[in-house]
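Breakdown of the fold
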Amino acid sequence: MEDWQSVAAIATVALTVIIIIFRAKNGKGGGGCGTCGDGGC
Amino acid sequence: MESSQETIALAGNPNSGKTTLFNALTGSSAKVGNYAGVTIDLKHGEFHTPHGRKLTLVDLPGCYALDDSSPDQEIARAVLKGDHEKCPKPDLVISVIDASNLERHLQLTLQIIELDIPVIVALNMVDMAEKSGLRLDPVKLSEELGVPVVPIRADKGKGLIELKQAIAHPLPPASKPHWKTGDEKDRREFGLNVAQIAARRPDRQTSSSSDKIDAIALHPVLGWFCFLGIMFALFWSIFSFSSIPMGWIESLQELLVGQVEGAMAEGDFRDLITHGIIEGVGAVVIFLPQILMLFFFIGLMESSGYMARAAFLMDGFMSKVGLSGKAFLPLLSSYACAIPGVMATRTIDSAKERLVTIFVAPWMSCSARLPVYLLLVPMLLGGSEGGVTQAAIFMAIYVVGTLTAFLVARILRGRLGPDEVEHHFMLELPPYRLPQWGYIFRHVLDRGWAFLKNAGTIILAIMILLWAASTYPKSESDDPAEQLAHTVVGRVSAAIEPIVKPLGFDGRTGTAILTSFAAREVFVGSMAQLFHVEESDEETETRTHIRERLANETWADGSKMFTPAAVISLLIFYIYALQCLPTSAVVAREAGSWKWAVGQFIFMTVFAGVASLIVYQTITFFTG
Ligand SMILES: Nc1nc2c(ncn2[C@@H]2O[C@H](COP(=O)(O)OP(=O)(O)OP(=O)(O)O)[C@@H](O)[C@H]2O)c(=O)[nH]1
Ligand SMILES: [Mg+2]
């Protein structure tokens, strides 16, 4: 029972890393404060 | 955008209502505000004429004349002259005029007519003009100018159908100027004459309600009381009114954790979901009500016209640090976020003043710092929330950041030397207006949504990574503290503890600070995660608020970890540190140099560290 949880947790983490790398490659990295809005942000 | 589609540009003096009209025609929600210089870049949109023809509409920054020098006005000029790389020369210009200020606003219209582009005049704010007793004669105005004139009220959407109908197909030819083209004196006289004929003044001038309010709001003594009073009300309400919705978010979070724990057996995945994600992200999301509140207040100030008064009030003070009152507007916007603030410096004519303003803008505490402050401030006063003292401390944080910004601006401005060209500071004081409630509502929701989206993407990702880093590699030990020490976070913490300890922080707080270089509000989530691990084994544990957990935290020798000195030191760090990559990117673009952005980042971060160190050491020295 414990085992599938470890696998799922590691898979989630790996997926996150892949998404971050993918987005960084597409120039979408950096993120943002997110709260600012208008204009170029 | 298809090139075959005709382009119509909205041009006019600042604050004449161009963007309001743009929003009304295209259904967008571009930023509007009751002060000059809100729009600082092109905005594209589309709309249909009554005959179903699709047209491209471009909203321009406001400008007073076609030879203005600030960067935002240059954009408008370039578009009108057909020199802008991103926008074709418009096929028609809608010249938006404030009807209550005809003489002044007509000058730009006349200049645009001289450019040989077809023009339609949108005579906006007819309500204001009529209220001040002006008798408008649009027909006469149209005859004199030789172009169609349509009276409108952009904020209520009145006259839009007539305006659309005036955009006949094919577009009307450009009209012939009725004055000597290129002769500024002749143009000016012509404009004054036309204004007198088309808008007849009332026989008796009465003082308007705006004048009456300004007698207090701009009073050299009372004005400051007013300003500080408004600011204090803002901070106090952020503290007290939002505790109710915060409670809801907290309960929801607890409910979710309970559900997950009920449905899943104990294990890594459950731990990731509950402690990593729900508590980490939740610790940030819980501050949504306050963020909304802050944006609501800033929206109110912007749209009522008080923003311009605040800048006016600050003008004398600003000139002492070598900036003009105009620079205060971008700085005020930076309280929401430094990015639009930095962009808004485009309205500043003097290039050097602009650089200085860009440099110090990130020290105006932005909304991303709000969660950090809101977490820490109540810890100074024993944990309870709300109350006047906390609001006062909260306000003091903003004042400290702002004053240091002015100090650095002064030093920097002195070093850059005087301007090559004299610039005349011109700050318009628009009449007070009732806010466009619909717009404010939409704007606040947009910002709230952006905050949540950020929490659901970037913060979520960081929380997952942080969870992994504080879980792996696993050790054989059963003791949570030893387990943590074995993980990546444990090792990083141990490595940086000697560096951050003189500032009053342990390794975990240091790690939380490191994660917040991705986004400041991450700090709150990281703290929630990192100061949880030790208790995580106790099933009976009642989920205590993160603040209580921190308050009970101790050093190895049993002494309290988050003493007032440590909390103040943390606050100081967050006031000064520049932990926002997007801001640095925008600074590099707007200042036109990476060096400026990198220099700013290093300077601010080092400054933050040194200031924390000095403050912590001084306080502990005196309190023992
Ligand atoms: N009373 C009244 N107010 C209006 C009308 N149209 C716009 N406003 C207000 O005028 C102010 C300025 O509107 P904006 O659309 O931001 O003006 P702008 O011309 O885009 O300004 P800049 O971008 O700074 O050049 C806002 O407070 C609007 O609510 C109108 O017809 N009547
Ligand atoms: Mg505008």
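Small disclaimer: the values here were computed from a predicted structure and weren't measured. (Residues numbered from 1 in each chain as written. Chains lettered and ligands numbered in written order. Predicted model: local features only at pLDDT ≥ 70, side-chain atom pairs only at ≥ 80, totals over all residues. Heavy atoms only, no water.)

1. Some remarks on the overall build of chain B
Applied cut-off: Strands are runs of DSSP state E lasting at least 2 residues, helices are runs of H or I lasting at least 4, and numbering of each runs from the N terminus. Only C-alpha atoms enter the radius of gyration, while the globule expectation follows 2.2 Å times N to the 0.38, with N the number of residues. Relative accessibility decides the category of a residue: with a 1.4 Å probe and only protein chains considered, values under 20% of the type maximum give buried, values over 50% give exposed, and everything between is partly exposed.
On a plain count of helices and strands, chain B comes out with 27 helices and eight strands. Taking 2.2 N^0.38 as the reference for a compact globule, 624 residues should give roughly 25 Å; the C-alpha atoms of chain B span a radius of gyration of 28 Å, in line with that estimate. Its C-alpha atoms put chain B at 90 × 50 × 45 Å along the principal axes. Taking all 624 residues of chain B together, 56% fall into the buried category.

2. Digging into the coordination of the magnesium ion (ligand 2)
Residue and element names in this part refer to chain B. Note the cut-off: Each metal's donors are the N, O and S atoms found within 2.8 Å of it, except that Na, K and Ca use a 3.2 Å limit; water is left out, so coordination can look incomplete.
For the magnesium ion (ligand 2), the full set of protein donor atoms is T19 (OG1) and T39 (OG1), and the range of their distances to it is 1.9 to 2.0 Å. Taken together, the residues T19 in helix α1 (residues 18-26) and T39 in the loop between α1 and β2 (43-48) connect sequence positions 20 residues apart. Here T19 matches T39 in class, with each residue buried.

3. Overview of the packing of aromatic side chains
All names here are of chain B. Note the threshold: Between 30 and 60 degrees the pair is tilted, below 30 it is stacked and above 60 it is edge-to-face, where a pair is any two Phe, Tyr or Trp rings, Trp via its six-membered ring, whose centres lie within 6.5 Å. Criterion for a charge above a ring: Lys NZ or Arg CZ within 6 Å of the ring centre, and within 35 degrees of the ring normal.
Going through the model one piece at a time under the given rule, you end up with 25 aromatic pairs over all chains. Taken together, a centroid distance of 4.9 Å and an interplanar angle of 55° make the contact between W363 and F607 tilted. Highlighted residues: W363 in the loop between α16 (351-360) and α17 (370-380) and F607 in helix α27 (residues 594-623), separated in sequence by 244 residues. Taken together, the ring pairs in this structure connect F235, F239, Y335, Y373, F394 and Y398 into an aromatic cluster. Above the plane of the ring of Y432 lies R309, whose end atom (NZ or CZ) is 4.0 Å from the centre.

4. Some details on the pattern of salt bridges
Residue and element names in this part refer to chain B. Note the cut-off: The term salt bridge refers to a side-chain nitrogen of Lys or Arg lying within 4 Å of a carboxyl oxygen of Asp or Glu.
Per the stated rule, a full pass over the model turns up 19 salt bridges over all chains. The partner of K31 in a salt bridge is E302, with the nearest N and O atoms 3.0 Å apart. Of the two residues, K31 sits in the loop between α1 and β2 while E302 sits in helix α12 (residues 288-304), which places them 271 residues apart along the sequence. Here the two residues K31 and E302 agree in accessibility, since each one is buried. A salt bridge links E114 to R187; its shortest N-O distance comes to 3.3 Å.

5. Some thoughts on helix α21 (residues 488-500) of chain B
Residues and elements named next belong to chain B. To be explicit about the condition: Residue count minus one, scaled by 1.5 Å, sets the expected span of a helix. Bend is computed residue by residue as the angle between axes fitted to the seven residues ending at the residue and the seven residues starting at it. Contact criterion: two residues are considered in contact whenever any of their non-hydrogen atoms come within 4.5 Å of each other.
Spanning 13 residues, α21 covers 18 Å between terminal C-alpha atoms, matching the ideal 18 Å at 1.5 Å per step. The sharpest bend along α21 reaches about 30° and sits at A494, with the proline P498 one to four residues further on. Those residues of α21 not exposed but buried are V489, G490, S493, I496 and V500. Check the buried side of α21 and you find it contacts α19 (437-469), α20 (480-486), α22 (507-515) and α23 (522-530).

6. Here we look at the sheet that holds strand β5 (residues 119-124) of chain B
Residue and element names in this part refer to chain B. The line we're drawing: Here a strand pair is declared whenever DSSP counts at least two bridges between the two strands. All axes here are fitted lines through C-alpha atoms, helices being fitted over the stretch that makes contact, and every angle between N-to-C directions spans 0 to 180 degrees.
Read across the open sheet, the six strands follow the order β2-β3-β1-β4-β5-β7; overall the sheet is mixed. The open sheet has two edge strands with one neighbour each: β2 and β7 (149-151). Each adjacent strand pair in this sheet contributes to an overall mean axis angle of 25°, direction not counted. With five bridges joining them, strand β1 (residues 7-12) and strand β4 (residues 92-98) adopt parallel strand pairing. Bridge pairing in β4 links A11 to S95. Contacts from α1 reach β1, β2, β3 (54-59), β4 and β5 within the one sheet, and its direction differs from that of β2 by about 45°.

7. Points about the environment of A494 of chain B
In this structure, A494 of chain B sits in helix α21. Note: C-alpha distance between A494 of chain B and H275 of chain B (219 residues apart in sequence) is 22 Å.

8. Points about the site of ligand 1
Residues and elements named next belong to chain B. What counts, and what does not: If a single non-hydrogen atom of a residue is within 4 Å of a molecule or strand, that residue counts as near it. Polar contact is the term for a pair of N or O atoms within 3.5 Å; when the atoms are in protein, one must be able to donate a hydrogen and the other to accept it, and sequence-neighboring residues count only if both atoms are side-chain atoms. The Shrake-Rupley method, run with a 1.4 Å probe sphere, supplies the accessible areas, and residue values consider only the shown protein chains as cover.
Around ligand 1 there are 25 residues in total, and K18, T19, T20, D127 and Q436 lie nearest to it. Residue D127 places a side-chain N or O atom 2.8 Å away from a nitrogen atom belonging to ligand 1. A154 has a polar backbone atom sitting 3.2 Å from an oxygen atom of ligand 1. Contact with the protein chains removes 98% of the 660 Å² of surface that ligand 1 exposes when unbound. Those elements giving two or more residues to the shell around ligand 1 turn out to be α1 and α4 (126-131).

9. Section: the pairing of β4 of chain B
All names here are of chain B. In terms of residue burial, β4 counts as a mostly covered element, since seven of its seven residues are buried. Burial along β4 is two-sided: the residues L92, I94, V96 and D98 and V93, S95 and I97 are all buried. As paired elements, β4 and β5 share six bridges and run parallel to each other. When the bridges of β5 are listed, V93 appears paired with V119.

10. Re the packing of helix α5 (residues 138-145) of chain B against helix α7 (residues 184-198) of chain B
Describing two packed helices takes the angle between their axes plus the distance from one axis to the other. Residues and elements named next belong to chain B. So the rule is basically this: By the definition adopted for this analysis, an angle is roughly parallel if under 35 degrees, roughly antiparallel if over 145, roughly perpendicular if from 65 to 115, and oblique otherwise. Two helices cross in a left-handed way if the nearer one is turned anticlockwise from the farther one by less than a right angle. They cross in a right-handed way if the turn is clockwise. Gly falls in the polar group here, along with every residue not listed as nonpolar (Ala, Val, Leu, Ile, Met, Phe, Trp, Tyr, Cys, Pro) or charged (Asp, Glu, Lys, Arg).
Running from N to C, α5 and α7 cross one another at 155°; their axes reach a closest spacing of 9 Å. Classified by the angle between their axes, α5 and α7 sit roughly antiparallel to one another. For the crossing formed where α5 meets α7, the hand is right-handed. Listed contacts from α7 to K140, L141, E144 and L145 of α5 are F190, V194, I197 and A198. The residue makeup of the contact of α5 with α7, split by class, is six nonpolar, no polar and two charged.

11. Comments concerning the environment of I339 of chain B
Within the secondary structure layout, I339 of chain B lies in helix α15 (residues 338-344). A sequence separation of 245 residues divides I339 of chain B from S584 of chain B, and the C-alpha atoms of the two residues are 8.8 Å apart.

12. Side note on the confidence of the model for chain A
Residues shown with low pLDDT carry predicted positions that ought not to be read at fine detail. Rule in force here: A residue's pLDDT is simply how confident the predictor is in it, with values from 0 to 100.
Averaged over every residue, the pLDDT of chain A is 70; the share at 70 or more is 59%. Counting contacts from residues 29-41 of chain A, a segment whose pLDDT is below 50, to residues more than four positions away or on other chains yields 42 contacts.

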